[in-house]
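Summary of structural features
Chain by chain, the residues:
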Amino acid sequence: MGPIPSDMGRPRYFLDLYIPSYIPSLSALIESRKPRSQATGKPSILLVVQPDENMPEALEEMKAVRAVNTQVTRLFSVNATPTAVLARLPDHRFAHIVCHGILEPRKPFEASFKLHGGERLLLLDIVRSQLPDAEFAFLSACHTAELTEESISDEVLHLAAAMQFCGFRSVVGTMWAMADPDGQGLARDFYSSVFSDTTAQGVRYYERTAEALRDAVVKLRRKRTTTLERWVNYVHYGA
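Keep in mind that what you see is a predicted model, and the values were worked out from it rather than measured. The residue count restarts for each chain, going from 1 along the sequence in the order it is written. Two thresholds apply to this predicted model, a pLDDT of at least 70 for residue-level local features and 80 or more for giving and counting side-chain atom pairs, whereas whole-chain, interface and lining totals are computed over all residues. Water and hydrogen atoms were dropped before computing side-chain values, which therefore reflect all heavy atoms in the structure.

1. A closer look at the overall build of the protein chain
Within the protein chain one finds nine helices and nine strands. Taking the principal axes of the C-alpha coordinates as reference, the protein chain spans close to 55 × 40 × 35 Å. Each residue is placed in one exposure class: buried if its accessible area under a 1.4 Å probe, protein chains only, is under 20% of its type's maximum, exposed if it is over 50%, and partly exposed if it falls in between. Of all 239 residues assigned to the protein chain, the portion counted as buried reaches 48%. By sequence separation, contacts in the protein chain at least 24 residues apart represent 75% of the contacts at least 6 residues apart. Accessible surface for the protein chain amounts to roughly 11900 Å². Of this, 51% is attributable to carbon and sulfur atoms. His is not counted, nor are the chain ends; Lys and Arg add positive charge and Asp and Glu add negative charge. A charge is said to be at NZ when it belongs to Lys, at CZ for Arg, at CG for Asp and at CD for Glu. Of note, the protein chain has its 27 positive side-chain charges centred 6 Å away from the centre of its 28 negative side-chain charges. Each helix is a run of H or I in the DSSP string that is no shorter than four residues. Each strand is a run of E no shorter than two, and both are numbered from the N terminus. Only heavy atoms enter the contact rule, under which two residues are in contact if any of them lie within 4.5 Å. Computed with the Shrake-Rupley method and a 1.4 Å probe, the accessible areas treat only the protein chains shown as cover for residues.

2. Some thoughts on the pattern of salt bridges
Here, a salt bridge means any side-chain nitrogen of Lys or Arg that lies within 4 Å of a carboxyl oxygen of Asp or Glu. One pass over the structure, following the stated rule, counts eight salt bridges. With a shortest N-O distance of 2.7 Å, Arg-214 and Asp-215 are connected by a salt bridge. Accessibility expressed as a relative area gives 27% for Asp-215, which makes it partly exposed.

3. Quick look at the pairing of strand 8 (residues 170–174)
Side-chain direction in a regular strand flips from residue to residue, so the side chains alternate between the two faces of the sheet. Across the five residues of strand 8, five count as buried, placing the element largely inside the fold. Because side chains alternate across strand 8, one face comprises the buried residues Ser-170, Val-172 and Thr-174, and the other comprises Val-171 and Gly-173, equally buried. Relative to strand 8, strand 7 (residues 136–140) is paired through three bridges, and the arrangement is parallel. The partner of Phe-136 across the bridge, within strand 8, is Ser-170. Two strands qualify as a pair provided that DSSP identifies no fewer than 2 bridges between them. Here strand 8 pairs with strand 9 (residues 234–238) via five bridges, running antiparallel.

4. A word on the pairing of strand 7
Most of strand 7 sits out of view: five of its five residues are buried. Going residue by residue along strand 7, you find Phe-136, Phe-138 and Ser-140 tucked away on one face and Ala-137 and Leu-139 tucked away on the opposite face as well. Here strand 3 (residues 94–98) pairs with strand 7 via five bridges, running parallel. Bridging from a neighbouring strand, His-96 pairs with Phe-138 of strand 7.

5. Describing a nonpolar patch on the surface
Only residues whose relative accessible area exceeds 30% and that take part in no salt bridge are eligible for patches, with like-charged residues grouped when within 9 Å of each other and nonpolar side chains (Val, Leu, Ile, Met, Phe, Trp, Tyr) grouped when within 5 Å. On the surface, a cluster of nonpolar side chains totalling about 280 Å² of accessible area is made up of Phe-14, Leu-17 and Tyr-18. Inspection of the secondary structure assignment puts Phe-14 in helix 1 (residues 14–17).

6. Focus on the packing of aromatic side chains
For Phe, Tyr and Trp, where Trp contributes only its six-membered ring, two rings pair if their centres lie within 6.5 Å, and the inter-plane angle classes them as stacked under 30 degrees, edge-to-face over 60, or tilted in between. Evaluated as defined, the whole model comprises 10 aromatic pairs. Relative to Phe-138, the ring of Phe-136 lies with its centre 6.4 Å away and its plane at 80 degrees, an arrangement referred to as edge-to-face. Assigned by exposure class, Phe-136 and Phe-138 land together as buried. Counting every residue linked through ring pairs, the aromatic cluster contains Phe-94, Phe-136, Phe-138, Phe-190, Tyr-191, Phe-195 and Tyr-205. Any Lys NZ or Arg CZ found within 6 Å of a ring centre and within 35 degrees of that ring's normal is scored as a charge over the ring. In this structure, Arg-208 packs its charged tip against the face of Tyr-205, placed 4.3 Å from the ring centre. Sitting above the plane of the Trp-231 ring, Arg-221 keeps its charged end 5.5 Å from the centroid.

7. Description of the sheet that holds strand 4 (residues 100–102)
Judged by pairing direction, the sheet is antiparallel, and its three strands sit side by side in the order 4-5-6 without closing on themselves. Each edge of the sheet is formed by a strand with only one pairing partner; in this case those strands are strand 4 and strand 6 (120–122). For this sheet, the mean inter-axis angle between neighbouring strands, taken without regard to orientation, is 25 degrees. Sheet analysis places strand 4 next to strand 5 (residues 112–114), joined by three bridges and oriented antiparallel. Within the sheet, the bridge partner assigned to His-100 lies in strand 5 and is Lys-114. Only the stretch in contact is used when a helix axis is fitted, and all axes are lines through C-alpha atoms; the angle between N-to-C directions ranges over 0 to 180 degrees.

This is the structure in C-alpha cells:
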C-alpha cells in the first residue's frame, strides 16, 4: 500500500504506480467481459439518494452527480424505495447510490441498502435481478465491499459483489464506514475523469472507471485533512 521509498523523489504509494481492481470470483470476471450491448454513447445514470441527519453532505454529493454531462434520473427521499430502485435499474447503464449500507453478521444475503422509511433493498433482491445492459454502479454507502471475520467463508457475498452478480460489469464500493464529507469531491472528480473528452476514443465508459477511481482517490489523499483510513476505503470491482 505504501508509502514506498523512491530514488526519484518523495515516497510513493501503490496507487501512484498501479490501477487496482478486484473480483469476487473468476466467473464474475468472465461474465463481466462477455460481449453484450453495443451501446457506445454516454450512459444515463440512475441516482438514488436517501440521506438522514448522519449524512448532511449527501445533498452536495447529489448535486455533484446531477452536474455530470449526461442524463441523470433521480430517486430521492420518498421516491427512493426498494421497489422503485429495482424497477428503474434496467433503464440505466450506470447507477449511483447514496445511502446507508447495512451488514448482517452471519447473514450475508441480508446485507442491504437502507432506503426511504427504513425500507431495505436486500443483497438477495439485487442478486435475483437480471440486468443485461448494466455497466457500472457507484455504491456511496458504508460497508458495501466489507469482509468480516463472520463472513470469511462467504467472502464474495457483499453488496458490491451482488451488483456484479446481477449484471454490472464494474462496481465501486467501500471496505468500511465512509466519511460523509468525502462523497461530493470524490464523485465530482470520478465522473469528470470518466466523461472526459480527452480519454482515449473507443474505450467504453465503464472501462474507464477503475482508472477514474484511482485518480479521484489520489486527489482525496492529497488533501491535508484526509486520513489514511478515509482514502484507502474505496475499491473497484470488475472488468
